[in-house]
Amino acid sequence: MLSRTADHLFWMSRYTERAENTARMLNVSYETSLLPQSDAQAQEGWRGLLSISELIPAYTARQGAITATGVLRFMVCDEGNPSSIAACLRAARENARAVRGALTTEVWETLNQTWLELSRQLREGAFERDPGQFFEWVKYRSHLSRGVTLGTMLQDEAFHFLRLGTFLERADNTARLLDVKFHAVQSDFHGLAGDARRSTPEADFYHWSAILRSVSAFEVYRKVYRDVITPERVADLLMLRQDMPRSLHASMHEVVDNLAAVAHEHSGETERRAGRLLSDLRYGRIDEILATGLHAYLTQFLDRVNELGGCISRDFLAPAAD
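Described in the following lines is the structure provided in the data block. On a predicted model such as this, the values are computed, not experimentally measured, just so you know. (Residues numbered from 1 in each chain as written. Predicted model: local features only at pLDDT ≥ 70, side-chain atom pairs only at ≥ 80, totals over all residues. Heavy atoms only, no water.)

Moving on to the packing of helix H1 (residues 3–33) against helix H4 (residues 68–76). Close contact between H1 and H4 brings their axes to 11 Å; oriented N to C, the two are set at 165°. Here H1 is positioned roughly antiparallel relative to H4, judged by the angle of their axes. Where H1 crosses over H4, the two elements pack in a sense that is left-handed. Judged by residue contacts, Thr22, Leu26 and Tyr30 of H1 engage Leu72, Met75 and Val76 from H4. (Axes fitted to C-alpha atoms, helices over the stretch in contact; angles between N-to-C directions. Helix = DSSP H or I, 4+ residues; strand = E, 2+ residues; numbered from the N terminus. Parallel < 35°, antiparallel > 145°, perpendicular 65-115°, else oblique. Left-handed = near helix turned anticlockwise from the far one by under 90°. Contact = heavy atoms within 4.5 Å.)

Looking now at unusual backbone geometry. Even without glycine at this site, Ser216 takes up a positive phi of about 55°. Note on placement: Ser216 falls in the loop between helix H11 (202–214) and helix H12 (218–225). For Ser216, a relative accessible area of 40% translates into the label partly exposed. The backbone phi angle of Arg226 is positive, close to 50°, even though this residue is not glycine. Looking at the element boundaries, Arg226 is found in the loop between H12 and helix H13 (231–239). In this structure Arg226 comes out as exposed when scored by relative accessible area, which is 71%. (Buried < 20%, exposed > 50% of the residue type's maximum accessible area, 1.4 Å probe, protein only.)

Encoded structure:
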């Protein structure tokens, strides 16, 4: 496959996944902001959302003070923000158009219709009228795109680059979400002692359940643990369980499998890095991770995922223009 074609497919799926992840985080932050809380707590919540994507400097340069309305507008419809939903879905559609011949009609029409419908909704103010419904629509369109890809595309190199982009983006986002949400509780989370866990106030339930809901894991948590929500188990579920679809382990498992499917004679080092990252998750224990500090672990994980993305670009994708 031409490296430029692989590049468009890889980034098409990354941008679609990023739009969904942004919608998930915004939806939970919006719902949480409706709970009784002080203005300072509310502002800290919106600040935390911006910090997940490292966008505080960009936001303040364009919007000034951090407010709920400003953050929502910046993260939904500001195309000057490359991580906004509008910018991501536009980029996904443009990448899809560049490789229209590598996609089935259904995949192209799904992405194209998503962009056209998004433009209409933003023009007509659908987002301002009901943010929650708008975020659900974005998630639904991402699910539809992924389902149509699985259901109609030949599982060749094009398919594997699409999957590779999806799960590398998902691993990055889940790690960022965990890092910021746990960092909000403690500078570097090492776990809670038994007495501290029993005395967790009701507010903490909303904090941890919000994290779970942001990755569609609330019901999964109840099914797996059948107990009160504790931060250690939230971390274990979203990091180390392979059967949790949006966990770090599940995401890296998919990255390794799809990387192996497109491997060539020069990609051995990239495969080694991905495999080692997966092994750390496969054989890791949450108590050992917490002993050294969750923030330190996740920071290192994000650095390694970023390096892996660079290796994939170097080995498979279009070289950067001079």
